[in-house]
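# Examination of the molecular architecture
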Amino acid sequence: AKSRGGNGYQFFNESMNKNAVRRLQLENQLRQALRNNHLQVHYQPKVSLKTHQFVGLEALVRLDIPGVGIISPAEFIPLAEETGLIIDVGERVLRQTCRDMREWVASGAVDGRVAVNLSAKQFLQPDLTQRIMNILDEEGLDPKCLELEITEGVVMEDPERAIQIMTELHFCGIHLALDDFGTGYSSLAYLKRFPIQTLKIDKAFIDDINGAERDRNMVASIVAMAHNLGLDVVAEGVVNAAQASTLHHLNCEFAQGFLFAQPLKRDQFLAHIKTPVKK
Ligand code: C2E
Ligand code: CA
Ligand code: CA
Ligand code: CA
């Protein structure tokens, strides 16, 4: 390199450069992980707040790159979305999840549903339903064992189109959940028309549920409204017993969070749910 003058312009360029380099590196890592099958699916249990028993699970993807370590989806999903690689990522996650779930259902280890996250690009694929039904068919999983999580933000971008897509999926027997609820905005008029079965309340509302009356009231209203619409409610990011207890008193029936379990590798997950819950 030549002179490294101290002016702001050059500094700005260097930090932009660093981001560009990291992005490129991440994209290469993602492509390589796809080539070498280094995507991993972890599973987080969903529990009943009444019994604290296991009732279902959510699939969460990770990149596990030898020599580098685990890269979180928060880091690579946005890039996968921008580059279009998300289609490939999403199909592999769905396929692996269906394969694992079929085995667990067949052995009697698990019943209930497994939830898989859908990104914006995936959701808007014209042949989405057919692709998903093909994977379910090839992996031998009953559609009623699958739940798809779609974020409120994605659905509200074009609600009319979203209703069409969700209606198709629901018609095939797949359950639908509105994810990260409360972070975007849904009008009640739409919420009523969405063929969904579950609302997942975003962790942001749960964090301070015992400290902030406003948050607690908000959750109480969301739960009441969801129940009026015939929907189940899942609270995300429950980390302590006080939160679980408050949620239970607010009539929220399900939860996920580190209090119960982190997302676990498939073998750890199986061991976890085979261990009876302490009463
Ligand atoms: P999400 O769908 O809202 O998933 C919940 C996130 O919260 C997960 O992060 C989970 O590990 C984390 N979490 C669960 N319980 C707790 C808790 O008690 N405390 C805290 N602090 N965090 C908790 P993760 O696995 O890093 O995933 C982040 C996001 O990446 C997901 O948010 C989802 O939007 C996206 N994502 C993950 N897997 C997939 C996938 O297969 N496809 C797509 N399209 N997106 C995915
Ligand atoms: Ca989710
Ligand atoms: Ca969520
Ligand atoms: Ca989230």
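Criteria and thresholds
- Residues numbered from 1 in each chain as written.
- Chains lettered and ligands numbered in written order.
- Predicted model: local features only at pLDDT ≥ 70, side-chain atom pairs only at ≥ 80, totals over all residues.
- Heavy atoms only, no water.
- 1 Å grid on protein atoms, 1.4 Å probe; cavity = no way out; pocket = protein on both sides within 12 Å on 5 of 7 lines; lining within 4 Å.
- Points joined across faces, edges and corners; volume = space filled by probe spheres on them.
- Helix = DSSP H or I, 4+ residues; strand = E, 2+ residues; numbered from the N terminus.
- Buried < 20%, exposed > 50% of the residue type's maximum accessible area, 1.4 Å probe, protein only.
- Axes fitted to C-alpha atoms, helices over the stretch in contact; angles between N-to-C directions.
- Parallel < 35°, antiparallel > 145°, perpendicular 65-115°, else oblique.
- Left-handed = near helix turned anticlockwise from the far one by under 90°.
- Contact = heavy atoms within 4.5 Å.
- Nonpolar A, V, L, I, M, F, W, Y, C, P; charged D, E, K, R; others polar.
- Salt bridge = Lys/Arg side-chain N within 4 Å of Asp/Glu carboxyl O.

### Overview of empty space enclosed by the protein
This model, assessed by the stated rule, comprises 1 cavity of 30 Å³ or more. Of the volumes computed, that of the largest cavity is approximately 70 Å³. Looking at the largest cavity, the residues that line it are Gly-90, Glu-91, Leu-94, Leu-118, Gln-122, Gln-125, Leu-128, Arg-131, Ile-132 and Ile-135. Among the secondary structure elements, those contributing two or more residues to the lining of the largest cavity are α3 (86–107) and α5 (128–139).

### Remarks on the environment of Leu-63
Structurally, Leu-63 can be placed in strand β2 (residues 54–65). Using a relative accessible area of 0% as the deciding quantity, one classes Leu-63 as buried. Put simply, Leu-63 and Lys-121 are 58 residues apart on the chain and 20 Å apart in space, counted from C-alpha to C-alpha.

### Some points on the packing of α5 against helix α7 (residues 159–171)
Packing of α5 against α7 brings their axes to within 10 Å, and their N-to-C directions diverge by 25 degrees. Between α5 and α7, the angle is such that the two are roughly parallel. Classified by chirality, the crossing of α7 by α5 is right-handed. Packed against α5, whose contacting residues are Leu-128, Thr-129 and Ile-132, the element α7 presents Ile-165, Glu-168 and Leu-169 at the interface. Broken down by class, the residue content of the contact of α5 with α7 amounts to 4 nonpolar, 1 polar and 1 charged.

### Examining the pattern of salt bridges
Here the structure, examined in full by the defined rule, presents 18 salt bridges. Across the pair Arg-99 and Glu-139 runs a salt bridge whose closest N-O atoms are separated by 2.9 Å. A residue pair is termed long-range when its members are at least 10 positions apart, and Arg-99 in helix α3 and Glu-139 in helix α5 qualify at 40 residues.

All quantities given are derived from atomic positions and should not be read as evidence of function.
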